[in-house]
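Summary of structural features
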There are 2 protein chains.
Amino acid sequence: MKVLHTADWHIGKKLHGYDLLPDQAYILDQIKKIAKDEAVDAIVIAGDLYDRSVPSEDSVRLLNQTIADWNLTEQFPLLAISGNHDSATRLATGAPWFNQTNFHLHTRLQEAFTPIEMKDTQFFLLPYFEPVDARIYFEDPDLRTIQAAMPKVIAKIQESFDPKKKHVLVSHFFVAGSSKTDSETKIEVGGLDGINGDLLKDFDYVALGHLHGKDALKMENARYSGSPLKYSLSEKDQTKGVWIVETETGEFSFRELSPLHEIQELQTSFEKLLTPAFYSTINREDYLSILLEDRAVIPNLMNQLRQVYPRIIQVERANGFETAVETRLKTENIKEKSPISLTEDFFTEVSQNELTPQQKSWIEEGLHTILKKGGEN
Amino acid sequence: MKVLHTADWHIGKKLHGYDLLPDQAYILDQIKKIAKDEAVDAIVIAGDLYDRSVPSEDSVRLLNQTIADWNLTEQFPLLAISGNHDSATRLATGAPWFNQTNFHLHTRLQEAFTPIEMKDTQFFLLPYFEPVDARIYFEDPDLRTIQAAMPKVIAKIQESFDPKKKHVLVSHFFVAGSSKTDSETKIEVGGLDGINGDLLKDFDYVALGHLHGKDALKMENARYSGSPLKYSLSEKDQTKGVWIVETETGEFSFRELSPLHEIQELQTSFEKLLTPAFYSTINREDYLSILLEDRAVIPNLMNQLRQVYPRIIQVERANGFETAVETRLKTENIKEKSPISLTEDFFTEVSQNELTPQQKSWIEEGLHTILKKGGEN
């Protein structure tokens with residue numbers, strides 16, 4: 001049968017403070033279009049549907065609308081698991097009813113051991129779990145890590161293998177040897193090294209979630225789908241999309257997604273950035289990381305840039321600053337200076353200008369008020 | 001048909017800091033037993049299933065287990081709405097699938113206008129809504145309050161009346177003239193006076209939620225079910241339970257519930273409270289409000305009482321205090337006293353004892369250290 005494999009939606013995630021919900025709604029719609037164009041028999045979602053265990057109301061609305069549309073309106077069977085970012089308990093709301101329309105959402109370890117059978121394939125939906133879940137399930141106090149638990153989990157799954165069927169594992173873990181990006185959780189999943197890829201060898205396909213790059217792991221029969229959007233600057237050069245898998249042959253191929261807004265890195269001067277001849281050539285709506293070639297301090301920099309570029313995620317200096325502000329302030333003997341002359345020095349360092357007499361008199365007044373108040377206590 | 005009417009579960013509510021989840025699980029199980037004993041055709045839940053818009057994971061687990069048990073295992077049709085304590089968006093998770101098994105959960109105003117038909121009855125499930133929802137739905141900017149909106153809402157509902165059927169409204173509002181208790185929300189629902197009871201006259205039964213006493217409103221065809229548990233001290237004398245309604249005849253009668261722990265008020269002396277002959281006669285596991293007859297200050301009072309009574313929700317003095325501590329401390333000229341003599345006075349006031357020489361020397365040492373440190377800054 002033909003399956004679409006996606007994961008790591010992280011609904012509700014923000015990118016440097018920018019709300020990604022419109023981008024996420026847009027990309028989920030594109031995934032649906034691919035599922036329809038490819039006429040897949042099922043859609044696999046391998047965990048981290050939400051970005052947080054307690055998602056915002058707007059995030060809940062987007063996920064609820066998406067799954068109702070895909071499963072009830074479009075009638076795609078859905079095979080989903082909870083990831084480490086999801087609250088298994090919250091995500092499970094409604095799950096006992098979902099089964100009735102071929103929407104299988106597994107959030108607990110023990111659910112992995114009951115295969116979901118569709119056409120020629122058995123699906124084992126193994127959600128993200130904690131070592132304690134394995135200790136309880138197997139009644140084995142020695143299972144202190146996911147690595148220790150996983151051989152038992154996989155062996156238990158294999159007990160249900162029907163040799164006449166294909167076997168697909170849907171899971172959400174770090175497989176040893178995979179490569180990471182910045183937007184994945186920093187907390188290691190169950191240990192330092194991830195689980196051993198050899199454990200996965202008996203499956204016809206392993207649909208993984210957790211890592212955000214589609215090329216994070218290259219095994220013959222296993223892939224991370226990656227996130228459908230770039231969730232950090234370190235993912236800017238990744239190709240995002242979904243896998244289309246033929247379980248009969250074990251073949252899979254990638255379908256690319258085009259985001260509502262790209263992540264772009266720009267390196268140029270401040271002056272050029274504000275020149276129409278320059279900015280008319282680029283997509284100003286993109287999420288931008290700017291490497292500024294200027295070395296001077298530029299007052300009101302961000303506000304000026306945001307007039308032209310509404311989605312700046314960071315600004316850095318390609319060549320450093322003209323004056324090393326911090327170093328000078330540290331090396332001078334600050335304690336011997338008066339408050340007014342410290343303030344003057346600071347202003348000059350940062351703005352490269354002298355205080356006007358009017359500015360100086362305002363500062364003197366302010367300092368006078370502050371210091372007087374301090375003395376009263 | 002025969003219907004069980006309950007409301008205001010407030011799953012996750014705490015009573016003076018005590019977690020009520022075990023009490024709630026216990027009482028929900030009792031409601032299920034009544035439904036089975038009475039062999040009702042449906043269970044109506046008139047809003048405030050949760051106590052907060054973002055319930056805890058444990059609360060989510062209890063509600064999810066309860067509705068799955070009642071609807072999927074016991075196969076009771078459920079007719080539910082969101083109340084002002086629920087997040088309509090979060091509560092709606094799964095709702096499009098629930099319908100398949102006769103679980104109708106309405107969380108948006110417009111859903112009230114599609115009747116749910118079962119046997120001889122049309123149910124109109126009108127969730128709690130905000131005036132803005134009515135303004136948008138009716139495209140009428142003048143609907144600034146719930147009172148202003150309600151005549152339009154009821155008229156719209158009545159457009160769908162099938163004259164051959166009985167008509168039941170399920171709703172969650174304050175009806176004018178009802179009486180309140182402390183545990184209901186202090187924020188008025190859409191205005192000061194509540195909605196006009198006359199609007200409800202054409203229904204065969206109105207199953208209300210919002211107020212916590214079953215006797216809060218006494219109309220011929222309308223009742224609040226009240227909360228299934230006492231959620232504040234002011235509810236201690238209320239009888240809690242559910243209504244059993246015959247929609248054919250419009251008759252209804254009450255079935256009482258027995259909580260896991262009662263709320264009790266005790267008035268006696270401290271000495272007696274700690275006497276086995278006294279406390280063996282009462283249920284020490286109850287939630288207790290204690291009116292202490294003693295007038296003396298009792299050191300370590302709460303800790304001593306909690307050794308015997310694990311669920312004290314408040315302690316008050318029946319006859320005030322022996323010495324008016326605050327008054328004396330206020331009227332004396334505090335500023336002229338030394339820190340050590342102020343501390344001595346305070347100790348004597350509160351404990352009714354003099355400081356021992358050892359205690360006094362400890363205090364002197366402490367004060368010395370504090371005052372010395374203060375001088376260094």
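Note that this is a predicted model, so its numbers are computed, not measured. (Residues numbered from 1 in each chain as written. Chains lettered and ligands numbered in written order. Predicted model: local features only at pLDDT ≥ 70, side-chain atom pairs only at ≥ 80, totals over all residues. Heavy atoms only, no water.)

Looking only at helices and strands, one finds twelve helices and 16 strands in chain A. Referenced to the eigenvectors of the C-alpha coordinate spread, the extents of chain A come out at roughly 90 × 55 × 35 Å. By residue count, 50% of the 377 residues in chain A fall in the buried class. Considering only contacts in chain A between residues 6 or more positions apart, those separated by 24 or more positions represent 69%. In the form shown here, chain A has an accessible surface area of approximately 17900 Å², with 50% of it arising from carbon and sulfur atoms. Considering chain A, the positive charge centre built from 41 side chains and the negative charge centre built from 58 side chains are found 1 Å apart. (Helix = DSSP H or I, 4+ residues; strand = E, 2+ residues; numbered from the N terminus. Buried < 20%, exposed > 50% of the residue type's maximum accessible area, 1.4 Å probe, protein only. Contact = heavy atoms within 4.5 Å. Areas by Shrake-Rupley, 256 points an atom, 1.4 Å probe, with all protein chains shown as cover. Lys, Arg positive; Asp, Glu negative; His and termini not counted. Charge placed at Lys NZ, Arg CZ, Asp CG, Glu CD.)

Residues and elements named next belong to chain A. The strand order across the open sheet built from six strands is β6-β5-β4-β1-β12-β13, with neighbouring strands paired in mixed fashion. Of all the strands in the sheet, the pair left with one neighbour each is β6 (103-106) and β13 (251-256). Averaged over all adjacent pairs, the angle separating strand axes in this sheet is 20°, with direction ignored. Here strand β12 (residues 241-246) runs beside β13; their pairing, made up of six bridges, is antiparallel. Looking at the pairing, G241 lines up with E256 of β13. Sheet strands in contact with helix α1 (residues 21-38) are β1 (2-6), β4 (42-46), β12 and β13, and its direction is about 165° off that of β1. Contacts from helix α2 (residues 57-73) reach β4, β5 (78-81) and β6, with the element oriented near 145° to β5. (Pairing = 2+ DSSP bridges. Axes fitted to C-alpha atoms, helices over the stretch in contact; angles between N-to-C directions.)

Placing chain B over chain A gives an RMSD of 0.4 Å and needs a rotation angle of 180°, together with 0.1 Å of translation along the axis. Such values leave the two copies arranged in the relation of a two-fold axis. Taking the C-alpha atom as reference, chain B places G94 of chain B closest to the rotation axis, 2.2 Å from it. Of all interface residues in chain B, 100% are interface residues in chain A too; the two copies therefore contact each other through one and the same surface. (Least-squares fit on C-alpha atoms with pLDDT ≥ 70 in both.)

Residue and element names in this part refer to chain B. Taken together, the three strands give an open sheet; going across it, the order is β14-β15-β16, and neighbouring strands pair in parallel fashion. Every interior strand has two partners, whereas the edge strands, β14 (263-268) and β16 (312-317), have only one. Between one strand axis and the next, the sheet turns through 15° on average, direction left out of account. Alignment of strand β15 (residues 287-292) against β16, held across five bridges, turns out to be parallel. Paired with I290 across the two strands is V315, which belongs to β16.

This part is about the side chain of S225 of chain B. All names here are of chain B. Relative to the elements of secondary structure, S225 occurs in the loop between β11 (222-224) and β12 (241-246). Relative accessible area serves as the criterion here: at 1%, S225 is assigned to the buried category. At a separation of 3.0 Å, a polar atom in the side chain of S225 contacts the main-chain amide nitrogen of A7. When sequence neighbours within four positions are dropped, the list of residues in contact with S225 reads H5, T6, A7, L208, K214, G241, W243 and F254. (Polar contact = N/O pair within 3.5 Å; in protein donor to acceptor, adjacent residues only side chain to side chain.)

Our focus in this paragraph is the interface of chain B and chain A. How big an interface is tends to be stated in terms of the accessible area lost upon association of its parts. Chain B puts 23 residues into the contact, and the matching count from chain A is 23 residues. In total, about 1900 Å² of surface goes out of reach between chain B and chain A, with carbon and sulfur atoms giving 61% of it. Three residues, T89, R90 and W97 of chain B, lead the burial of chain B against chain A; their summed loss comes to 36% of the area buried on that side. Summed over the shared surface of chain B and chain A, the number is twelve residue pairs in polar contact (both at pLDDT 80 or more). The set of elements that each furnish at least two residues to the side of chain B that touches chain A consists of α2 (57-73), α3 (88-91) and α4 (95-98) of chain B. In terms of residues, the side of chain B that touches chain A owes the most to one element, α2 of chain B, which gives eight residues. Split into classes, the residues belonging to the side of chain B that touches chain A amount to eleven nonpolar, nine polar and three charged. (Buried area = accessible area lost by both parts, 1.4 Å probe. Nonpolar A, V, L, I, M, F, W, Y, C, P; charged D, E, K, R; others polar.)

What follows is about the pairing of strand β5 (residues 78-81) of chain B. On a regular strand, one side chain projects to one face of the sheet and the next to the other, so that they alternate. Residue and element names in this part refer to chain B. Both faces of β5 are covered, namely the face carrying L78 and A80 and the face carrying L79 and I81. Here strand β4 (residues 42-46) pairs with β5 via four bridges, running parallel. Note that in β5 the partner of I43 across the bridge is L78. In this region the chain leaves β4, passes through α2 and returns to the parallel neighbour β5; the handedness of that crossover is right-handed. The pairing of β5 with strand β6 (residues 103-106) spans four bridges and is parallel. Bridging across to β6, L79 finds its partner in H104. (Right-handed = clockwise from strand over helix to strand, strands pointing away.)

Although it is not a glycine, N300 of chain A sits at a positive phi angle of roughly 60°. Considering the arrangement of structural elements, one finds N300 of chain A in the loop between β15 (287-292) and α9 (301-308).

Once that is clear, we can look at the nonpolar core. One finds L4, I43 and Y309 of chain A together with L4, I43 and Y309 of chain B to be the most contacted residues of the largest nonpolar core, which totals 112 residues. When neighbours within four sequence positions are excluded, L4 of chain B is seen to be in contact with I31, I34, A35, V40, A42, I43, V44, V242, W243 and I244 of chain B. (Core = buried A, V, L, I, M, F, W, Y, C linked by side-chain atoms within 4.5 Å.)

We now examine the pattern of salt bridges. Taken as a whole and judged by the stated rule, the model has 44 salt bridges over all chains. Within this structure, K32, K36, D69 and E74 of chain A form a network of salt bridges that share partners. (Salt bridge = Lys/Arg side-chain N within 4 Å of Asp/Glu carboxyl O.)

Bringing the packing of helix α5 (residues 131-138) of chain A against helix α6 (residues 146-158) of chain A into the picture now. Residues and elements named next belong to chain A. It is at 9 Å that the axes of α5 and α6 come closest, and there the two elements cross at 45°. Taken together, the axes of α5 and α6 lie oblique to each other. Seen from above, α5 lies across α6 with left-handed handedness. In contact with P131, A134, Y137 and F138 of α5, α6 contributes I146, A149, K152, V153 and K156. Classifying every residue of the contact of α5 with α6 by side-chain character gives seven nonpolar, no polar and two charged. (Parallel < 35°, antiparallel > 145°, perpendicular 65-115°, else oblique. Left-handed = near helix turned anticlockwise from the far one by under 90°.)

Residue and element names in this part refer to chain A. The interhelical angle for the contact between α1 and α2, taken along N-to-C directions, is 10°, at an axis separation of 11 Å. Between α1 and α2, the angle is such that the two are roughly parallel. Across the interface between the two elements, L21, Q24, A25, L28, I31 and K32 from α1 touch D58, S59, L62, T66, D69 and W70 from α2. Its residues placed into classes, the contact of α1 with α2 shows six nonpolar, three polar and three charged.

For any pair of aromatic rings, the description rests on two quantities: the centre-to-centre distance and the angle between the ring planes. Residue and element names in this part refer to chain B. Taken as a whole and judged by the stated rule, the model has 32 aromatic pairs over all chains. When the ring of Y128 is compared with that of F173, the centres are 5.8 Å apart and the planes differ by 35°; the resulting orientation is tilted. Of this pair, Y128 sits in the loop between β8 (121-126) and α5 (131-138) while F173 sits in the loop between β9 (166-172) and β10 (205-209); the two residues are 45 residues apart in sequence, bridging distant segments of the chain. No difference in accessibility class separates Y128 from F173, as the two residues are buried. (Phe/Tyr/Trp six-rings, centres within 6.5 Å; stacked < 30°, edge-to-face > 60°.)

This paragraph deals with the domain arrangement of chain A. Domains assigned within chain A are domain 1 (2-256), domain 2 (263-317) and domain 3 (325-376). One C-alpha centre belongs to domain 1 of chain A, the other to domain 3 of chain A; they are set 57 Å apart. (Domains from an automatic or database assignment.)

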